[in-house]
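Structural overview
Here is what each chain is made of, one letter per residue.
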Amino acid sequence: MTARRPCPPAPGPLERYAACFDDLFASLAQRRGFREYLTGLLAPRDRNKTLTCLAGAEPVVGARNPAVQRLQFFLSESAWDAGQVNSRRLELLREQPETAPHPGGVIVIDDSGDRKDGTATAHVGRQWLGRYGKTDNCIVTVTTVWTDGRVYYPLHAQPYTPAHHFPRGRRDPAFRTKPQIAAALTARGKEAGFACRAVVADCAYSVSDDWYLALREARLPYVVHLKPHRGTWAPAHQPHTPVDAASALAWHDPEHPGDWTPVERHFRDGHTETWWAADARLSGWGPHNRVRLVVATTDPATLPPKATWYLATNLPHPDAPHAATDPHPPADLAEIVRLYGLRPWIEQSYKQIKDELGWADFQVRSARAIARHQTLVNCAFSFCWDQWFAPPGPVDTTAPDPCPDDRAERGHPHAPPAPTALLAQGFTRHPGLAHPRHHPATLVAGLDRQGPTRSPPVPDRRGHHRQTPRPLPPDLTNYRY
């Protein structure tokens, strides 16, 4: 066999990371497309990261640019397997000691929507769009994230396909609900070698029997938030909702806590908070049953809605009769609260992949191209962690600059600040990502400082602030201000 033709290198340390994937691409064009795509995703964000942006071309009119067409072919038509690329990415995370999974972490499940117009794009339908707090035309993707509170990174992602895309609707054998997709992704994470103490999810997954059954078959423990007022069968004189069960617990004051136990929560910014937790009894749930109901709150007297968790878990109580024979190690109240306290890290990951890495900026319609774009975004995310833990080295001044000072061809008459100056400004709502040829330690350090659990997490998070993009100059559009 002839030797492979050398590929133009990616800027700086990105070349070392991209080279780990070279054997998964059959041609020079694919290897070059992989490097160019990651370079564009990692460049500081100045507009939506469409293909014209990634290739450094003008919006709309630059769609015929050869560089844009190469990326379009690489994303939509080229023969490479996104699943293999994602598996290699996870393999690299497992091999690095700083990001390697361990049994103390959790796998967090969530789904997130992104608005998309039209009806011809795969997976599009009118669905609940939590980012805007309304039902709209969008694509909802179910994702899993591994985290231990120190590092966090995505594992797998799969868009949810609404029933109207199938010939027989919800009765079609190929149709899968979001909880079914989430359970399958969690099992894949376990098979990929990502050990966890529990699977954590919000109340959207607590109503699905299929989700519980799939986790039980995969022998995975879970901690899931319950809807506070969701009723269940019980005798008339017993509690019927999680709120009723929590209200039935004895409490007088912090000096006489009754059924409640103080739990110290430690946050990433160094401060601590005292919460109160207790095992409640509701129908067939209790401290000595196979499924426990754990209530955690800042105030047992009032049970404030935004600072009270109602958690169902199959992690046994240390004093339960079946604790010695249960397949999962026992967990006390502090451990249950710690595990669910890691759930907001998946929300933190959304801030980077959506606001900076262009998760929803794709302009393709096929399911394969969408999956490839999401995989490449996750690769860019993992590269930042790879560089955060890499020993600092000298800046490669000879590498090509993917964000040249002359930005006229990208539709911006004025050059943006240099990448180092951009990172030195601190981290506002929309920090610039690290330049691929510079060490992105400042970026990840800022993300680490701005942990998502500074205030009590709220399961129902509808608000989202997004910076208004700068309008295009009048000479590039027929719109006049």
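Residues numbered from 1 in each chain as written. Predicted model: local features only at pLDDT ≥ 70, side-chain atom pairs only at ≥ 80, totals over all residues. Heavy atoms only, no water.

1. Things to note about the overall build of the chain
In terms of helices and strands, the chain carries 13 helices and 10 strands. Across the 481 residues of the chain, 53% fall into the buried class. Restricting the contact set of the chain to residue pairs at least 6 apart, pairs at least 24 apart contribute 63%. Accessible surface for the chain amounts to roughly 22500 Å². Of this, 53% is attributable to carbon and sulfur atoms. (Helix = DSSP H or I, 4+ residues; strand = E, 2+ residues; numbered from the N terminus. Buried < 20%, exposed > 50% of the residue type's maximum accessible area, 1.4 Å probe, protein only. Contact = heavy atoms within 4.5 Å. Areas by Shrake-Rupley, 256 points an atom, 1.4 Å probe, with all protein chains shown as cover.)

2. Focus: helix α11 (residues 367-389)
Between its first and last C-alpha, α11 extends 34 Å over 23 residues, near the 33 Å set by a 1.5 Å rise per residue. Of all 23 residues making up α11, 18 are buried, and the element is well covered by its neighbours. (Expected span 1.5 Å × (residues − 1).)

3. Focus on the packing of helix α5 (residues 82-95) against α11
The N-to-C vectors of α5 and α11 enclose an angle of 15°; their axes lie 9 Å apart at closest approach. Compared by their axis directions, α5 and α11 come out roughly parallel. The element α5 and its partner α11 pack so that their crossing is left-handed. Residues Ala82, Val85, Asn86, Arg89 and Leu93 of α5 touch α11, and the partners they reach there are Ala371, Arg372, Thr375, Asn378, Cys379 and Ser382. By residue class, the composition of the contact of α5 with α11 is five nonpolar, four polar and two charged. (Axes fitted to C-alpha atoms, helices over the stretch in contact; angles between N-to-C directions. Parallel < 35°, antiparallel > 145°, perpendicular 65-115°, else oblique. Left-handed = near helix turned anticlockwise from the far one by under 90°. Nonpolar A, V, L, I, M, F, W, Y, C, P; charged D, E, K, R; others polar.)

4. Digging into helix α6 (residues 178-191)
Between its first and last C-alpha atoms α6 spans 20 Å; for 14 residues at 1.5 Å apiece the expected length is 20 Å, and the two agree. Of all the positions in α6, only Pro179, Ile181, Ala182, Ala183, Leu185, Thr186 and Gly189 are classed as buried. Contact partners of the buried residues in α6: β1 (106-115), β3 (134-147), β4 (152-159), β5 (198-201) and α7 (209-217). Just beyond α6, the residue with positive phi is Gly193, at close to 100°.

5. Some remarks on the pairing of β1
Walk down a regular strand and you will see the side chains alternate between the two sheet faces. Among the 10 residues that make up β1, eight are buried, leaving the element largely enclosed by the rest of the structure. The sheet contact formed by β1 and β5 spans three bridges and is parallel. Residue pairing for β5: Ile107 is matched across the bridge by Val199. (Pairing = 2+ DSSP bridges.)

6. Some points on the environment of Gln352
In this structure, Gln352 sits in helix α10 (residues 345-355). Among the residues examined, Gln352 registers a relative accessible area of 7% and is labelled buried. It is 9.9 Å that separates the C-alpha atoms of Gln352 and Val377, two residues lying 25 residues apart in sequence. At 3.0 Å, the side chain of Gln352 and the side chain of Tyr152 are in polar contact. (Polar contact = N/O pair within 3.5 Å; in protein donor to acceptor, adjacent residues only side chain to side chain.)

7. Some words on the side chain of Thr313
Relative to the helices and strands, Thr313 is located in strand β10 (residues 308-313). Here Tyr222 takes part through its backbone oxygen, which lies 2.8 Å from a polar atom of the side chain of Thr313. When neighbours within four sequence positions are excluded, Thr313 is seen to be in contact with Tyr222, Val223, Arg290, Val291, Arg292, Val294 and Ile336.

8. Brief notes about the side chain of Gln96
Tracing the backbone through its elements, the reader meets Gln96 in the loop between α5 and β1. Exposure remark for Gln96: the relative accessible area of 14% places this residue in the buried category. Apart from the residues lying within four places of it in its own chain, the contact partners of Gln96 are Trp385, Asp386 and Phe389.

9. Points about the packing of aromatic side chains
On inspection of all chains with the given rule, the structure shows 24 aromatic pairs. Three or more aromatic residues joined by ring pairs make a cluster, and in this case those are Tyr17, Phe21, Phe25, Phe34, Tyr37, Phe74, Trp80 and Phe383. Its guanidinium or amino end placed over the ring of Phe362, Lys116 lies 4.0 Å from that ring's centre, counting from NZ or CZ. Across from the ring centre of Trp275, 4.8 Å away, lies the NZ or CZ of Arg265, which sits over that ring. (Phe/Tyr/Trp six-rings, centres within 6.5 Å; stacked < 30°, edge-to-face > 60°. Lys NZ or Arg CZ within 6 Å of the ring centre and 35° of its normal.)

10. What about empty space enclosed by the protein?
Gaps between atoms show up when a probe of the same size as a water molecule is rolled over them. This model, assessed by the stated rule, comprises four cavities of 30 Å³ or more. Empty space within the second largest cavity amounts to approximately 50 Å³. Around the second largest cavity sit Thr143, Val145, Pro154, His156, Ala157, Ile346, Ser349, Tyr350, Ile353, Trp359 and Asn378, which together line it. Where the lining of the second largest cavity is concerned, the elements lending two or more residues are β3, β4 and α10. With four residues, α10 is the single largest residue contributor to the lining of the second largest cavity. Its residues assigned to classes, the lining of the second largest cavity shows seven nonpolar, four polar and no charged. (1 Å grid on protein atoms, 1.4 Å probe; cavity = no way out; pocket = protein on both sides within 12 Å on 5 of 7 lines; lining within 4 Å. Points joined across faces, edges and corners; volume = space filled by probe spheres on them.)

11. What to know about the nonpolar core
Counting 111 residues, the largest nonpolar core has Phe21, Phe34, Tyr37, Tyr153 and Trp211 as its most contacted members. Per element, the largest residue contribution to this core is 10 residues, and it comes from α11. The residues contacting Tyr153, other than those within four sequence positions of it, are Leu93, Thr99, Ala100, Pro101, Thr144, Val145, Trp146, Phe194, Phe381 and Trp385. (Core = buried A, V, L, I, M, F, W, Y, C linked by side-chain atoms within 4.5 Å.)

12. Here we look at the packing of helix α2 (residues 28-42) against helix α4 (residues 66-76)
Direction vectors running N to C along α2 and α4 enclose 105°, while the axes themselves pass 10 Å from each other. Considering their axes alone, α2 and α4 lie roughly perpendicular with respect to each other. The residues of α4 that touch α2, namely those facing Gln30, Arg32, Gly33, Phe34, Glu36 and Tyr37, are Arg70, Leu71, Phe74 and Leu75. Partitioning the contact of α2 with α4 into residue classes produces five nonpolar, two polar and three charged.

13. Quick word on the pattern of salt bridges
Overall, the coordinates contain 17 salt bridges when judged by the stated rule. Arg88 is paired through a salt bridge with Glu91; the nearest N and O atoms lie 3.6 Å apart. Of this pair, Arg88 and Glu91 both sit in helix α5, three residues apart, which is roughly one turn of that helix. For Arg88, a relative accessible area of 18% corresponds to the buried category. Residues joined by salt bridges that share partners form a network here, namely Arg115, Asp117, Lys134 and Asp136. (Salt bridge = Lys/Arg side-chain N within 4 Å of Asp/Glu carboxyl O.)

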